[in-house]
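# Summary of the model geometry
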Amino acid sequence: MTLCLEGVARGGLAGIDFELEDGSLTVLLGPTGAGKTSLLRLMAGLDKPAAGRVTQGGVDVHRVTPRQRKVGFVHQRFVNYPAKTVYENIAAPLRQAQRVSRSEVDAKVRAIAEMLRIDGLLERRPSELSGGQQQRTALARALTREGGLLLLDEPLVNLDYKLREELGAELRAIFARRSATLVFATSDPSEALALGGRTLVLDAGRVLQTGSAIDVYRRPASVRVGELTSVPPMNWISGRLASGRLQLEPSSEVVRPSQFEALPDGAYRFGVRPHHLQLDPSSPHSLKLTATVELSELSGSETFLHLRPADAGRAPLVAHQAGTRPRSIGERVDVFIDPKRLHAFDEAGRLAAASGL
Amino acid sequence: MARIDIEDVAHRYTADAAWAVDALTHSFRDGSASAILGPSGCGKTTLLSILSGLLHPTRGTLRIDGREATGLPPRQRKIAQVFQFPVVYEAMTVFENLAFPLRNGGMAKDEVKTRVKATAELLGLTASLDRRASGLSADEQQIVSLGRGLIRPDTAALLLDEPLTVIDPLRRWEIRQKLRHVHQETNATLVYVTHDQTEALTFADEVVVMDQGRVMQVGTPRELFETPKHAFVGHFIGSPGMNFLPCRLAGRELLVDGHRLPVDRNAFTDPGSGELELGIRPEFLELAREEVDGALPVRIRSASALGDHHLVRVALGERPLQVRVPDGTPIPTECGFLRFPPEWIRLYRDGRLLT
């Protein structure tokens, strides 16, 4: 049964319109305060919209109890039954479902516990577990249920980095095997990309864009989406399209790249992802900007250079390079950009044309 | 600031418990930016408590600037700390929050003012000095906490305990930038504790990797990435971690799942006979559509587009491997050929690097 949100508003949320198809995976991507939790609560039927409707199969969701609708909710701050063992915590929804046999419950509990790597902890109580283990218990309990709607509110945020990375990759496979309709809220763009599915970018109570995670990343509909879909965010360079040329500054001008052919002449904000700022020209047609290194961060496998463009009116840039490429603070560098990598945004901040690659 | 040395430090919480930290010897140099990195339960928080004086170690000594400090109470160590959650007085302004540790120490009014202004300048808080802390966002509050840690002129070191936990990923980036800037400007001795490799590696000049109460490796981010001394470090550092494959050495070649791979035999002494593991980073594997010299045939299991790169899961025989392919590189669909550049192959016996 499709879950439908039509013109929903409540608190900071306004004009929310979308549908969740049965068995689909939707990732709500947005910063803290965007309204992710409020939106999940509306979908769960825990809160009533001030305007608009939330319906499932044509029925207002708050008219039906969450249990009847089979709604599961995993909170950022996990909730477990303190007096029950991990095993019983995970088994609880299966036991409530009655028709499930004892051996079936056992098989399901053990399978999901193994997936989440808590199979060695089944006899413990939540108080004897670390925060990450408690969170995985809550996640396991939610995942035992088949069908219905499962809402996950930043469930990995309190986990260790390595575990989050591994679980993120596994959840994609685990989710694919579930029949439930899943909604996963996160503020981390790399998590949205790793989970796949449909991404819904939420900011300041509004849905800014929906689409597959990689499409949203490659064709951000606005400046704000460009900022919210990668860490570090997209770089901004103002410039002009004039006759057949693209100009960043008097000294940096190239033939207008093909993706901008249909655009009218005028001023634009060009956006480019940090890994497309190069320190060597990739082609003779590269655009060049001069900048000073403000900071170089090395992660062993990657280098992040924070750059201050020589042209004082320009915003700072971040270049993300593969490998260890340290530069001294204050060093002047030339930054090269393949013009095909640029996105153009109009003065209102809307995407005018996406990168040609 | 100061240098902190720990020598053969060990701690267990009860006499029959396992060692939470064991046989740790390390020097945090004056003016260094170090990180202690490891998973939950590795002992990093115990070590931090030993440094700050909240815990008296079961064994071993701690010196601050050469002076014995093992039994010194926290207040006398002059070690400041920034915690996971911002510690600010919400009813006070940013100015009062920053001034508090100084006024507490009996500093003269004019001096307090000068010092608060300088610290605010360093952290970009000048425009917020008159705002109440309750009106600040979590990341702004955490920057005020950082300022409170740095403000006393006699602070020996600043410990940061997972300071970005409650901060949004996009804001984390900015605070990290600020921390690096603070370190460059002040030469403070900073010790940053985290489970997050990106935070540790981008923050620190020297990273102490811990697991199960022990130091697994101390090194620069580059050393940890390129030459992990333990399989654990290979796995823990990197996204995803190092690939490992069982192998045997036969002359100048490695036997891997029935295939032969050339290795750089000058890179390590003869390991003798027996089972070894080959370790190679997903970044260093080269995946091609056509057969190239020395490449091994693999099946492509899946490929995920992750923005600036693709993560490709392949199988060599039954052995799974992960390959990081830069965005824009063509990816073979069903079968491909995987090259193992000899300079990036590392060999491990019982989890330890052969050198």
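Residues numbered from 1 in each chain as written. Chains lettered and ligands numbered in written order. Predicted model: local features only at pLDDT ≥ 70, side-chain atom pairs only at ≥ 80, totals over all residues. Heavy atoms only, no water.

Strand order in the open sheet made by the five strands is β15-β19-β16-β17-β18 (chain A), with antiparallel pairing throughout. Two strands in the sheet have a free side with no partner beyond their single neighbour: β15 (277-278) and β18 (317-322) of chain A. Where strand β17 (residues 302-309) of chain A lies against β18(A), six bridges are found, and the strand directions are antiparallel. Residue pairing for β18(A): L307(A) is matched across the bridge by L317(A). Against the sheet, helix α6 (residues 169-186) of chain B touches β16 (287-298), β17 and β18 of chain A, its axis set at about 75° to β16(A). (Pairing = 2+ DSSP bridges. Helix = DSSP H or I, 4+ residues; strand = E, 2+ residues; numbered from the N terminus. Contact = heavy atoms within 4.5 Å. Axes fitted to C-alpha atoms, helices over the stretch in contact; angles between N-to-C directions.)

Size of an interface: often given as the accessible area lost when the parts come together. Residue and element names in this part refer to chain B. We note that the domain assignment places domain 1 (4-235) and domain 2 (243-353) within chain B. Computed over C-alpha atoms only, the centres of domain 1 and domain 2 are separated by 38 Å. Counting residues at the interface gives 11 residues for domain 1, matched by 10 residues for domain 2. Around 930 Å² of area is buried between domain 1 and domain 2 when both sides are counted, 57% of it from carbon and sulfur atoms. (Domains from an automatic or database assignment. Buried area = accessible area lost by both parts, 1.4 Å probe.)

With that settled, consider the domain arrangement of chain A. All names here are of chain A. When cut into domains, chain A gives domain 1 (3-227) and domain 2 (233-353). Taking the mean C-alpha position of each, domain 1 and domain 2 sit 37 Å from one another. Tallying the contact residues gives nine residues for domain 1 and 11 residues for domain 2. Summed over both sides, the interface between domain 1 and domain 2 buries roughly 870 Å², with carbon and sulfur atoms accounting for 58% of that surface. Applying the counting criterion to the domain 1 and domain 2 interface returns four residue pairs in polar contact (both at pLDDT 80 or more). For the side of domain 1 that touches domain 2, the secondary-structure elements that each account for two or more residues are α8 (213-218) and α9 (223-228). Broken down by element, the side of domain 1 that touches domain 2 gets its largest block of residues, three residues, from α9. (Polar contact = N/O pair within 3.5 Å; in protein donor to acceptor, adjacent residues only side chain to side chain.)

This part takes up the environment of R256(A). Residues and elements named next belong to chain A. With respect to the helices and strands, R256 occurs in the loop between β13 (252-255) and β14 (266-272). A relative accessible area of 11% places R256 in the buried class. Residues R256 and C4, spaced 252 residues apart in sequence, show a C-alpha to C-alpha distance of 43 Å. Leaving out residues up to four positions away in the same chain, R256 has contacts with L241, A242, S243, G244, R245, L246, E261, L263 and D265. There is a polar contact of 3.1 Å between the side chain of R256 and the backbone oxygen of F260. (Buried < 20%, exposed > 50% of the residue type's maximum accessible area, 1.4 Å probe, protein only.)

To describe a pair of aromatic rings, one takes the distance between the centres and the angle between the planes. Scanning the model with the defined rule gives 10 aromatic pairs over all chains in all. An angle of 80° between the planes, with centres 5.3 Å apart, marks the rings of W236(A) and F345(A) as edge-to-face. Placement of W236(A) in strand β11 (residues 235-242) and of F345(A) in strand β20 (residues 343-345) is noted, with a sequence separation of 109 residues between them. Across the pair, F345(A) and W236(A) agree in class, each one buried. Pairing Y268(A) with F270(A) gives two aromatic rings, centres 6.1 Å apart and planes at 40°, and the pair type is tilted. On the basis of relative accessible area, Y268(A) is assigned to the buried category, the value being 10%. Cluster of aromatic residues (ring-pair linked, three or more members): F260(A), Y268(A) and F270(A). Sitting above the plane of the Y81(A) ring, K84(A) keeps its charged end 4.4 Å from the centroid. Its end group placed over the ring of W19(B), R12(B) keeps NZ or CZ at 4.2 Å from the ring centre. (Phe/Tyr/Trp six-rings, centres within 6.5 Å; stacked < 30°, edge-to-face > 60°. Lys NZ or Arg CZ within 6 Å of the ring centre and 35° of its normal.)

It is worth spelling out unusual backbone geometry at this point. Residues V231(A) and P232(A) are joined by a peptide bond in cis, for which omega reads -5°. Position of P232(A) among the secondary structure elements: in the loop between α9 and β11. A cis amide bond, omega -10°, links S239(B) with the succeeding residue P240(B).

All names here are of chain A. Secondary-structure assignment places H285 in the loop between β15 and β16. Judged by its relative accessible area of 55%, H285 is exposed. A C-alpha to C-alpha distance of 9.5 Å links H285 and F336, two positions 51 residues apart in sequence. Once residues within four sequence positions are removed from consideration, H285 is found in contact with V254 and P339.

All right, on to helix α1 (residues 44-52) of chain B then. Count 3.6 residues to each turn of an α-helix, and residues three or four apart come out pointing the same way. Residues and elements named next belong to chain B. Here α1 lies mainly inside the structure; eight of its nine residues are buried. Within the span of α1, buried status applies to K44, T46, L47, L48, S49, I50, L51 and S52. Looking one or two residues beyond α1, the residue adopting positive phi is G53, at roughly 95°.

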